[in-house]
Amino acid sequence: MQLLYEGIVSQANFFKPDMVARDVLALAHERTYIEKVLNLQLDEKMTRRIGFPLNKALVDRECLLVSGTLNCCQFSLKYGVSFNIAGGTHHAGKDFGEGFCLFNDQAVGAAFLIANKLAERVLIVDLDVHQGNGTAHIFQGNENVFTFSMHAEKNFPFRKEESTLDVPLQDGVEDDEYLSVLERNLKDIFDAFRPNFVFYQAGVDVLSTDKLGKLNLSERACSKRDELVFLKCRDHNIPVQVSMGGGYSVKIKDIVNAHVATFKTAIDIFAL
Ligand SMILES: [Zn+2]
């Protein structure tokens, strides 16, 4: 709503995703896991790991947000950048859900692009304060997908998976250090891996106001972080899809403003 209210986007910029097909989910998740989720048949232990009891509405919502990211991929290929106003369900692995994530939208998107030869090398930039453990789990050993996660080391998930590149940060890291570490790593990854499609998980739980994050970033630095990612994509002419990821600041206003800032930065940089 805030995006419409501020005139950043118009109603015409929104799209309604279709439902995702099981075969597409199966590009990133195991079929037995998919069936169990869709039939609401996960056992108690697996359900507890997800964090909420399964019901049809929640499963439908999750399928819809995966589908949103798949639709986004086409928009990014056409216009350079696209946003899912949900998504970033990066804790869902190949055969498990975790931390309120059932299916991993950007992992399904990446696998879809590769399976359909729409991209050869896909980079997933995960700057949510929590490690993208599910994404790392899905693509372990896959040379076509580079998973990059920069996160608070002592935060959830406490058992980390191995991304292509993990940059664990100590508690309380502030603006300048965060931005210089990010800039250096982005440069190295873009130079060495030369991605032709980027997924960006732009969680705003890196903010100092966040209840669950352990970092100490200002709103300005959070925006600057987005700018670094978008500039790299634009300068290398690489389409980018953005999912929103987490945000748990005490005041809802701080969360909304930070997410809105990500949109504004992208619109400025891609001159939309
Ligand atoms: Zn998070």
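Only a predicted model underlies this, so the values are computations on that prediction, with no experimental measurement involved.

**Student:** How should I be thinking about the overall build of the chain in this particular structure?
**Tutor:** For the chain, the count of helices and strands is ten helices and six strands. Relative to the 2.2 N^0.38 estimate, which gives 19 Å for 272 residues, the radius of gyration of the chain is 17 Å and therefore close to what a compact globule would have. Expressed as a percentage of its 272 residues, the buried residues of the chain come to 55%. Long-range contacts, defined here as pairs at least 24 residues apart, represent 73% of the contacts in the chain between residues at least 6 apart. Once the 29 positive and 36 negative side-chain charges of the chain are each reduced to a mean point, those two points are 2 Å apart.

**Student:** What is the right way to look at the packing of aromatic side chains in this model?
**Tutor:** For any two aromatic rings, the description comes down to two numbers: the centre-to-centre distance and the angle of the planes. Tallied over the full model, the rule gives ten aromatic pairs. With 5.9 Å between their ring centres and 25° between their planes, Phe52 and Phe100 make a pair best called stacked. Note that Phe52 is positioned in the loop between helix H4 (44–50) and helix H5 (56–79) and Phe100 in the loop between strand E1 (81–84) and helix H6 (105–115), a separation of 48 residues in sequence. Relative accessible area serves as the criterion here: at 53%, Phe100 is assigned to the exposed category. Aromatic pair Phe146 and Phe193: ring centres 5.3 Å apart, planes at 55°, arrangement tilted. Of this pair, Phe146 sits in strand E3 (residues 145–152) while Phe193 sits in helix H8 (residues 175–193), and the two are 47 residues apart along the sequence. When sorted by exposure, Phe146 lands in the same class as Phe193, which is buried. A network of ring pairs unites the aromatic residues Phe83, Tyr200, Phe230, Phe263 and Phe270 as a single cluster.

**Student:** Help me out: how do you make sense of the pairing of strand E5 (residues 197–201) in this one?
**Tutor:** In the case of a regular strand, side chains alternate between the two sheet surfaces. Extensive coverage of E5 is indicated by the burial of five of its five residues. Alternating residues of E5 divide into Phe197, Phe199 and Gln201 and Val198 and Tyr200, and every residue in both groups is buried. In the sheet, strand E2 (residues 122–126) pairs with E5 via five bridges, with the strands oriented parallel. The partner of Leu123 across the bridge, within E5, is Val198.

What counts, and at which threshold
- Residues numbered from 1 in each chain as written.
- Predicted model: local features only at pLDDT ≥ 70, side-chain atom pairs only at ≥ 80, totals over all residues.
- Heavy atoms only, no water.
- Helix = DSSP H or I, 4+ residues; strand = E, 2+ residues; numbered from the N terminus.
- Rg over C-alpha atoms; globule rule 2.2 N^0.38 Å.
- Buried < 20%, exposed > 50% of the residue type's maximum accessible area, 1.4 Å probe, protein only.
- Contact = heavy atoms within 4.5 Å.
- Lys, Arg positive; Asp, Glu negative; His and termini not counted.
- Charge placed at Lys NZ, Arg CZ, Asp CG, Glu CD.
- Phe/Tyr/Trp six-rings, centres within 6.5 Å; stacked < 30°, edge-to-face > 60°.
- Pairing = 2+ DSSP bridges.

So yeah, pure geometry; function would need other evidence.
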